Each structure stands twice: as structure tokens, then as C-alpha cells.
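Notes for the structure review
Here's the letter readout for the chains.
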Amino acid sequence: MMKRIFPIGLIGLGILLIFGTLGWLYFDNLVNHPVAVPLPDQIAGLQMTDYTTGAQAAAQFENLHNKRIPLTSGAIGIYGDSEITLWAAGAPLNFMAARMVNAMEEKIAKGNSPFTPLEQFTEGARTIYVLEGMGQMHYYFQSKNMIVWLTADPAVADIAIQQILEVYP
């Protein structure tokens, strides 16, 4: 009986190592080649006037935060005459997106940012954080493996967030 357990254990360990390596290679490929995230053509009646997607968007997110972020997708859209900006970034897994949103919430709560937290509300299983800063309203939340941040002028902020919550459920 003991003679069988050792070989079976070695086979199991070998299988785990193979799947672990394949998973790591897959994850590494996703993070090193971010793809585009679809953005709506218009928000609150404003047409998209500029956009950046994929690796360029991921690089801008990293520059904004001054650190390497494991993103698999990304997009930045500007609407109207910069009345609205939408950032959407994909993490490899849902729990990683949740951790990124929590990290943003913790950092902003410390007060070392240009944003003032106003409130947070829940819609479905999502928590939407509402901020004020730089003359605009800011909203951020997790949608599955996505992190979404919306910046909007106060005049269009309410309709913009409602539309974005429909786009990213």
C-alpha cells in the first residue's frame, strides 16, 4: 500500500507543476499583451472624440499610478469636449479587480489624493464609489473582472453614471 502512495503522489505533483506552468504562461501572455475594451460610442448624448485602447491604455494606467498593474485589457475614451472621460481596465480574474478597487478606495480614504469621497451606493452586487475633484464628479466600481472609472462634468454626471452602469453590469 505504501509503495503505491509515493508514485501516485509524484504523478499528482507532476500534474500540478505542468498545469501551474501552463497557467502562469497564459497569465503572463494576457498581462503582456493587453487587448482593447469596448467603449460606448456616446455617453449622456456626447460622442466619443478620442480614445486609446489595449497596451497604450494599460501603459497610461500604469503611468497614472506609478506602478506596474497586471491588466489584460484597457481603454480610455473622451467624450464631447472632455466633459466625460471613461477608463475601463480588465484584470486577469474577478478577485484581482476587486482587490484593485479596494486598494483605490483605501488610498483615496487616506486623503492623499485630489479626490474627496462623497458617498458610495450599491446597485445589485456592485458598490459604486462617488468622488468629487478637479471640478468634476468621479465614479468607480468593479464589473466582473473590469475596473471602471468615470469622470464627468456635474451637469451630465447623473445620466452618465446611469448609462455606464448599464454598459458594465
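Quick summary incoming for the structure in this document.

About the thresholds
Residues numbered from 1 in each chain as written. Predicted model: local features only at pLDDT ≥ 70, side-chain atom pairs only at ≥ 80, totals over all residues. Heavy atoms only, no water. Salt bridge = Lys/Arg side-chain N within 4 Å of Asp/Glu carboxyl O. Buried < 20%, exposed > 50% of the residue type's maximum accessible area, 1.4 Å probe, protein only. Patch = residues over 30% accessible without salt bridge, like charges linked within 9 Å, V, L, I, M, F, W, Y side chains within 5 Å. Areas by Shrake-Rupley, 256 points an atom, 1.4 Å probe, with all protein chains shown as cover. Helix = DSSP H or I, 4+ residues; strand = E, 2+ residues; numbered from the N terminus. Phe/Tyr/Trp six-rings, centres within 6.5 Å; stacked < 30°, edge-to-face > 60°. Contact = heavy atoms within 4.5 Å.

Here we take up the pattern of salt bridges. Proximity of charged atoms lets side chains of opposite charge pair with each other. A full pass over the atoms with the stated rule returns two salt bridges. The residue R99 makes a salt bridge to E106 at a minimum N-O spacing of 3.8 Å. Under the relative-accessibility criterion, R99 is labelled partly exposed at 46%. Owing to a relative accessible area of 41%, E106 belongs among the partly exposed residues under this scheme.

Let us look at a nonpolar patch on the surface. Together, F6, L10, L13 and L17 make up an exposed nonpolar region whose accessible area comes to about 440 Å². Along the polypeptide, L13 turns up in helix α1 (residues 2–32). Accessibility expressed as a relative area gives 47% for L13, which makes it partly exposed.

This structure, assessed with the given rule, holds three aromatic pairs. With a centroid separation of 5.2 Å and an interplanar angle of 55°, the aromatic rings of F115 and W149 are classed as tilted. In this pair, F115 is assigned in the loop between α3 (94–109) and β6 (116–123) and W149 in strand β9 (residues 146–152), connecting sequence segments 34 residues apart. Aromatic side chains Y140 and W149 sit 4.9 Å apart centroid to centroid with 10° between the ring planes, which places their arrangement in the stacked category. Judged by relative accessible area, which is 13%, W149 ranks as buried. Joined through ring pairs, the aromatic side chains of F115, Y129, Y140 and W149 make up one cluster.

What follows concerns the environment of L39. Positionally, L39 belongs in the loop between β1 (35–36) and β2 (42–43). For the pair L39 and W87, spaced 48 residues apart in the sequence, the C-alpha separation amounts to 9.1 Å. Beyond its immediate chain neighbours, meaning those up to four positions away, L39 contacts M48, A75, I76, G77, Y79, L86, A88 and Y168.

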